[in-house]
Amino acid sequence: MLILNTLLALASIGFAGYLIVSGLLTISFFRKQLDNPYPDPVVFPKVGLIVPCKDLDPDFEENMRMLPLQDYPNYEIFFVTVDEHDPSYPILKQVASESKVPARVLFGGFTKQRCQKLDNIIAAIEAMDDSIEVFAWVDSDARVHTDWLRSLVAPLREKHIGATTSYRWYVPIPGRLMSYLLCLWTGLQFSNFYNNRYVSVWGGSMAMRRDTYHKLDIRKHWEYALADDCVLNERVKEAGLRVEFVANAMTSLSSDYSLKTIGVFATRQCVIGKFTLREVWVSSTIALTFIHAVMLWALYQIGTGLAAGTPIHWTAWAMFAFWGGGFIQSLCFIRVIRMIGDRRPPEEPLKGKYRWAFFVPLAYLFTWSTLVAAGFTNRFVWREIWYEMVSAYETN
């Protein structure tokens with residue numbers, strides 16, 4: 001038993017060490033990106049900014065009003081929703097009419113052969129003229145800053161970069177535990193982006209050259225797909241091109257959702273990952289299952305020892321090292337968010353407080369539960385529509 005406990009304790013310490021190193025590398029990576037952004041091109045390519053919408057998200061109108069304010073000299077906005085009856089339509093129509101840059105509102109309909117978001121995206125692309133050189137996408141729940149589009153497009157002048165992307169940061173609501181878990185859950189996801197192998201396209205903030213889109217035949221692979229970003233990500237990497245993460249283009253999102261909505265959303269993301277990022281899903285599920293089992297075993301030994309009044313061996317306490325490493329890792333990615341937020345105006349919310357890291361044990365438990373839940377289903381609801389994933393390229 002002592003040998004087993006020692007091995008489990010060393011495993012937990014090893015995981016903790018990995019998390020700490022990962023956190024420090026994350027700070028180093030983001031600092032380098034923030035201090036050395038891609039310079040502006042000599043000529044700014046014309047961008048078609050696609051904004052797929054359905055229903056209303058928290059801060060929807062404020063998010064939409066940031067898009068015509070981009071510090072980019074040559075772009076056109078394509079707002080797209082399912083039809084004129086969608087609650088987003090009146091707001092989109094007003095924002096487009098008041099925009100100082102060219103803006104249109106289109107309807108994507110719902111073909112029922114792929115996700116409705118892709119119907120919106122495809123409708124926008126088909127409405128563009130040949131002057132558009134770069135496609136950019138942003139989700140309706142993402143709040144971008146004024147340099148977002150400029151930052152996202154700049155790296156695309158490098159031919160080996162097939163797509164650019166950034167990521168999200170949920171801003172917690174004081175007093176609402178699930179909102180803190182949602183923000184930490186997000187931080188855990190981008191804490192390995194210092195290794196480009198783990199960088200994947202996020203559809204809420206991405207860009208691609210038009211010629212790359214056609215060369216990789218993205219439209220064909222979207223025909224029956226559910227995850228626009230995951231399919232695009234796979235095609236880019238299959239072609240030997242790089243997905244470039246752009247720290248300066250990080251977005252903020254509201255966390256003003258119900259417990260049920262957050263749980264459904266997180267599980268949906270894991271189901272999609274099960275099909276499109278299977279290596280990550282499998283390894284994460286196994287690792288977190290193991291580490292939580294280790295800590296349950298430690299709790300049992302400590303509880304038994306306290307009840308019997310016997311000394312508790314150091315290995316039982318050492319099995320909790322993982323949580324200590326997770327706490328330090330959380331401090332690191334919160335530091336990253338503060339670094340980014342310090343460079344932005346107060347009205348562009350992207351902030352974090354170090355005390356949120358105390359919730360990291362619950363955040364890991366939340367992450368583990370959604371990963372496991374995804375293993376038992378391929379069905380989920382998204383924007384009030386039920387889908388069933390068959391493969392990365394096929395959905396019902």
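Residues numbered from 1 in each chain as written. Predicted model: local features only at pLDDT ≥ 70, side-chain atom pairs only at ≥ 80, totals over all residues. Heavy atoms only, no water.

S.K.: Looking at this model, I keep getting lost on the overall build of the protein. Mind explaining?
M.R.: For the protein, the helix and strand inventory stands at 14 helices and 13 strands. Relative to the globule expectation of 21 Å for 396 residues, the C-alpha radius of gyration of the protein, 22 Å, shows essentially globular dimensions. C-alpha atoms of the protein, sized along the principal axes, occupy 75 × 45 × 45 Å. Out of the 396 residues in the protein, the part that is buried amounts to 55%. (Helix = DSSP H or I, 4+ residues; strand = E, 2+ residues; numbered from the N terminus. Rg over C-alpha atoms; globule rule 2.2 N^0.38 Å. Buried < 20%, exposed > 50% of the residue type's maximum accessible area, 1.4 Å probe, protein only.)

S.K.: Is there a simple way to explain the sheet that holds strand S13 (residues 394–395) in this structure?
M.R.: As a general point, the strands of a sheet are linked pairwise by backbone hydrogen bonds and lie either parallel or antiparallel. The 3 strands are arranged S11-S12-S13 in an open sheet whose pairing can be described as antiparallel. Single-partner strands in this sheet number two, and they are strand S11 (379–382) and S13. Taken strand by strand, helix H10 (residues 259–276) contacts S11 and strand S12 (385–391), and its axis lies near 125° from that of S11. (Pairing = 2+ DSSP bridges. Contact = heavy atoms within 4.5 Å. Axes fitted to C-alpha atoms, helices over the stretch in contact; angles between N-to-C directions.)

S.K.: Would you take a moment to explain the nonpolar core for this structure?
M.R.: Nonpolar side chains tend toward joint burial in soluble globular proteins. Counting 130 residues, the largest nonpolar core has Trp-137, Trp-169, Phe-190, Trp-222 and Leu-232 as the members making the most contacts within it. Considering every element that reaches this core, the biggest residue donor is helix H6 (residues 177–190), with 9 residues. Apart from residues no more than four positions distant in its own chain, Leu-232 is found in contact with Trp-137, Ala-163, Val-201, Met-206, Met-208, Ile-218 and Trp-222. (Core = buried A, V, L, I, M, F, W, Y, C linked by side-chain atoms within 4.5 Å.)

S.K.: Explain the environment of Gly-263 to me, please; I cannot follow it from the model alone.
M.R.: Summarising the element assignment, Gly-263 is placed in helix H10. Of the residues examined, Gly-263 reaches a relative accessible area of 23% and is grouped as partly exposed.

S.K.: Which parts of the structure should I look at to understand helix H14 (residues 360–374)?
M.R.: Residue pairs three or four apart in sequence face the same way in an α-helix, which turns once every 3.6 residues. Along its 15 residues, H14 runs 21 Å from first to last C-alpha, staying within 8% of the 21 Å computed at 1.5 Å per residue. Its buried side turned inward, H14 meets helix H1 (2–35), H6, H10, helix H11 (278–308) and helix H13 (321–341). (Expected span 1.5 Å × (residues − 1).)

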